[in-house]
Structure formats: C-alpha cells, structure tokens
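# Coordinates in review
Read off the chains here:
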Amino acid sequence: MDTEDRLVSVLPIRYSNALLPNVHIHQYPLLTRPLQVPPSASASGKRIKARIKRGVRRLEVHVPVDTRPEVWNGERSKELGHARVEDDREKNQELPKMKQREGEEPRLSEVRMRSEQIPEMGTYVLGIVRDGQLHLHPINEVHQFRPTLTYMDVLSRKSRRHRPGGESDEESDEGPPPDPDEPVPAPALKKVKKPTADAKEVQVAVRKSGDDRSVQFQGGLSAVRREMLTMIHAEEDEKWEDYEYCDGEAEESNIAFEAVFSHSNEELQCTTDVTSVLKEIPGL
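What you see is a predicted model, and the numbers here were worked out from it, not measured in a lab.

Before going further, it helps to examine the sheet that holds strand β1 (residues 13-15). Across the sheet, three strands lie side by side as β1-β7-β6; this open sheet has mixed pairing. The outermost strands of the open sheet, each flanked by one partner alone, are β1 and β6 (125-130). Strand-to-strand, the axes of this sheet are offset by a mean angle of 25°, without reference to chain direction. Both β1 and strand β7 (residues 133-138) contribute to a ladder of three bridges, which runs parallel. Bridged to Ile 13 within β7 is Leu 134.

Okay, the environment of Val 63 next. Following the sequence through the fold, Val 63 ends up in strand β4 (residues 58-64). For the pair Val 63 and Lys 46, spaced 17 residues apart in the sequence, the C-alpha separation amounts to 9.0 Å. With sequence-adjacent residues up to four places away left out, Val 63 is seen in contact with Leu 35, Gln 36, Ile 48, Glu 110, Val 111 and Met 113.

Okay, a nonpolar patch on the surface next. A cluster of nonpolar side chains, contributed by Val 274, Val 277, Leu 278, Ile 281 and Leu 284, occupies part of the molecular surface with about 490 Å² of accessible area. The topology assignment puts Ile 281 in the segment after α7 (274-279). Looking at Ile 281, the relative accessible area reads 36%, which means it is partly exposed.

When pLDDT is averaged along the chain, the result is 80; 75% of the residues meet or exceed 70. For residues 169-174, every residue scores under 50 in pLDDT, and the model assigns this stretch two contacts once sequence neighbours within four places are set aside. A low-confidence stretch, residues 211-219 (pLDDT under 50), is modelled with nine contacts involving residues beyond four sequence positions or located in other chains.

So, about the packing of aromatic side chains. For any pair of aromatic rings, the description consists of the separation of the ring centres together with the inter-plane angle of the planes. On inspection of all chains with the given rule, the structure shows two aromatic pairs. Geometrically, the ring pair formed by Tyr 28 and Phe 145 is stacked, given 5.0 Å between the ring centres and 20° between the ring planes. With a gap of 117 residues between them, Tyr 28 in the loop between β2 (24-27) and α1 (39-43) and Phe 145 in strand β8 (residues 141-147) connect regions that are remote in the sequence. Here Phe 145 falls in the buried class, since its relative accessible area comes to 1%. Against the face of Phe 261 rests Arg 130, its NZ or CZ located 3.8 Å from the ring centre.

In this section: the pairing of β8. Of all the seven residues making up β8, five are buried; the element is thus mostly covered by neighbouring parts of the structure. With four bridges connecting them, β2 and β8 associate as parallel partners. The partner of Gln 27 across the bridge, within β8, is Gln 144. Here five bridges tie strand β5 (residues 110-117) to β8, and the two strands are oriented antiparallel to one another. Counterpart to Met 113 in the pairing with β8 is Pro 147.

Within the secondary structure, Glu 60 is located in strand β4. Take Glu 60: its relative accessible area is 0%, and that puts it in the buried class. Within the structure, Glu 60 has its side chain in polar contact with the side chain of His 62 (distance 2.8 Å). A polar atom in the side chain of Glu 60 sits 2.5 Å from the side chain of Arg 114. Discounting residues that sit within four places of it in the chain, Glu 60 has contacts with Lys 49, Ala 50, Arg 51, Arg 112, Met 113, Arg 114, Phe 145, Thr 148 and Trp 240.

Bringing helix α2 (residues 74-90) into the picture now. For α2, spanning 17 residues, the distance from its first C-alpha to its last is 25 Å, which sits close to the expected 24 Å at 1.5 Å a residue. Buried residues of α2: Ser 77, Lys 78, Leu 80, Gly 81, Ala 83, Arg 84, Asp 87 and Asp 88, and no others. A side-chain oxygen of the first residue of α2 lies 3.1 Å from the backbone nitrogen of Glu 75; this N-cap is Asn 73. Phi turns positive one or two residues past the end of α2, at Asn 92, with a value near 55°.

Definitions and cut-offs
Residues numbered from 1 in each chain as written. Predicted model: local features only at pLDDT ≥ 70, side-chain atom pairs only at ≥ 80, totals over all residues. Heavy atoms only, no water. Pairing = 2+ DSSP bridges. Helix = DSSP H or I, 4+ residues; strand = E, 2+ residues; numbered from the N terminus. Axes fitted to C-alpha atoms, helices over the stretch in contact; angles between N-to-C directions. Contact = heavy atoms within 4.5 Å. Patch = residues over 30% accessible without salt bridge, like charges linked within 9 Å, V, L, I, M, F, W, Y side chains within 5 Å. Areas by Shrake-Rupley, 256 points an atom, 1.4 Å probe, with all protein chains shown as cover. Salt bridge = Lys/Arg side-chain N within 4 Å of Asp/Glu carboxyl O. Buried < 20%, exposed > 50% of the residue type's maximum accessible area, 1.4 Å probe, protein only. pLDDT = per-residue confidence, 0-100. Phe/Tyr/Trp six-rings, centres within 6.5 Å; stacked < 30°, edge-to-face > 60°. Lys NZ or Arg CZ within 6 Å of the ring centre and 35° of its normal. Polar contact = N/O pair within 3.5 Å; in protein donor to acceptor, adjacent residues only side chain to side chain. Expected span 1.5 Å × (residues − 1).

Written out as structure tokens, the structure is:
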C-alpha cells in the first residue's frame, strides 16, 4: 500500500564560500587502507609530502614505503631508485630534497601518487550537518590519484639493452609511434649511388587545402598529436611547488575544517524559479 513520504525534520541551510577555490575532492581508487604513513616509516620520522604544478593542475602526494623486510626488497629498491633518478632527469623534474649520506646509493623510498583531474558533471558541494543545520561549501576540483610508475620505462630500456642479441640505443630508438591519422608510408627504396651533380637552389611553398584535417605539421604530426606533445612538454618544464601535507588530526586541518562553516546570519534569497531548475536537470 502506497503512502506519502512523511516529513521527518527541516534543516536550515547555511552557505559559505570562504575557502573557494581551495576545496577539492581527492579520490584514491587503488588504496585499500587510509592514506597514512606506514608504522615502520613513521618510527623513523618520515612523513607524507605533497607538491603541485598550478599551471597544469597536477598534484602529487608522496607516501613513504613500508620497509619491513617481510614486505620490502632492499636490493630491488636500489635498482628502482636509480631508475627514478634517471627518469626525473629525463623529464626535467626537480629531484626531491632528501638527506643522503656521501657515497650512498639512491633508493626508492616513497610511492608517488599523481593526480588526474576529473570533469565535473554539474556543481559539487560539500555538505556537513552541525547543530541541526546543513552547511554547504562549493567544491572547485575533483582529482583521482594513482601511483606513477614512469621509472619502470627506464628499467625496461635497460633490460632490452643488456639482453643477448638486443639492439643498441641507436638502433632501438626509432622515435615516437606512428600517427594513426597519417597514411602508411611506402616501403623505403634501396639507395643507389648516383654521380654527383651541381647543387641547385630549390624553393618549396606549402599551400593549405580546403580540408583542415588534411593539413600536416612539421615532422609529420597531426594537429591533435602536436597539441598533446606541446602539453606534455609544458608540464615537464613547469617547476613543482612543495606543499606541507597535514593529516586529519593536525591543527592546520582543524582550522581549515572550521572555516567551512558559515557564521553569517544573512538570509539568502532564491532568484531561480522551479521551472528553470527542472529544465537544468538532465533527462527531464
């Protein structure tokens, strides 16, 4: 038997944007435990670190690894540490400031969680109920964090280089993969030596056709691929800004949490009618 929904309670709504645009949602889809320092690393004074590239909206959270012998291979960490140092150097990344004894080999001492910004489907807000009131604060960005393992590419290249019968660096470095938008090139013809002729000046003009999709850029790259490479290089050239990471129990976190709540008694007036609200709902 169908019955009408019963009104349980009415909550006054308070709205604040005091922390805008610094309220984000950070998701860690691959984590099976809270984001915290392992006990073995915490005992040695290690902490979680964070850094950001504002221009490309990229964030990284560095979590110390669990160095217990039963779950960690110390010799393997040296090999991975060398690969990460080389990978950072190739990508023009600022090396993390770490205390290292003279002559000590670099080790892989942390897991880097790198963010990918997720497009928002609508407007997200943070809602907290306190003292019988619902406090709302707008959310500016949503990010998902996953471990970055780009240093494994360095190890892969080294393993191919030392593999019996493997190719040298010059032979194996064939440049970027072929562009799927480009036609398949014809097989290379066998070079035949010809008698040397007098050098002549040749002028070449490039004319744009009517179809923009047929226009190819320098190096045979399509517009989309060249834009992607430009974005990658721009991100690698931007410097990291170090941030201090504070967990939920830190004093700084408690201060930021209190700033979410509105302390104003000003009443907000709604200027949108019900018809406009319903039109904005997808699928109606």
